[in-house]
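Coordinates in review
Each chain, letter by letter, is given below.
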Amino acid sequence: MELEHRITDLEARLAFQDDTIQTLNDVLVTQQRAVERLQAQLGMLARRQEDMQSRIGGEEDEAPPPHY
């Protein structure tokens, strides 16, 4: 009788752990997708910043018009 109770308890714990592991895995997958999306956005922002800096830098290197 005691052995059956222990086995039932272990089975319940195993089922709970399996559910917890699946939930954690789902959260991890969601977070990984969010991280990948944020990395892509950061890459685009870095490229935009470099482009803007090169445009601004290019304007500063130009000689002033002859009428100055």
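Structure's up top.
Since we're looking at a predicted model, the values are computed, not measured.

Basis of the calculations
- Residues numbered from 1 in each chain as written.
- Predicted model: local features only at pLDDT ≥ 70, side-chain atom pairs only at ≥ 80, totals over all residues.
- Heavy atoms only, no water.
- Helix = DSSP H or I, 4+ residues; strand = E, 2+ residues; numbered from the N terminus.
- Buried < 20%, exposed > 50% of the residue type's maximum accessible area, 1.4 Å probe, protein only.
- Areas by Shrake-Rupley, 256 points an atom, 1.4 Å probe, with all protein chains shown as cover.
- Salt bridge = Lys/Arg side-chain N within 4 Å of Asp/Glu carboxyl O.

Within the protein, the regular secondary structure consists of one helix and zero strands. Split into buried and exposed, the 68 residues of the protein put 0% on the buried side. When the accessible surface of the protein is totalled, it reaches about 6800 Å², and 58% of it is carbon and sulfur.

This paragraph deals with the pattern of salt bridges. In this structure the tally under the stated criterion is two salt bridges. For Asp 9, the salt bridge goes to Arg 13, with nearest N and O atoms at 3.5 Å. Of the two residues, Asp 9 and Arg 13 are both situated in helix H1 (residues 2–61); the distance of four residues between them amounts to about one turn of the helix.

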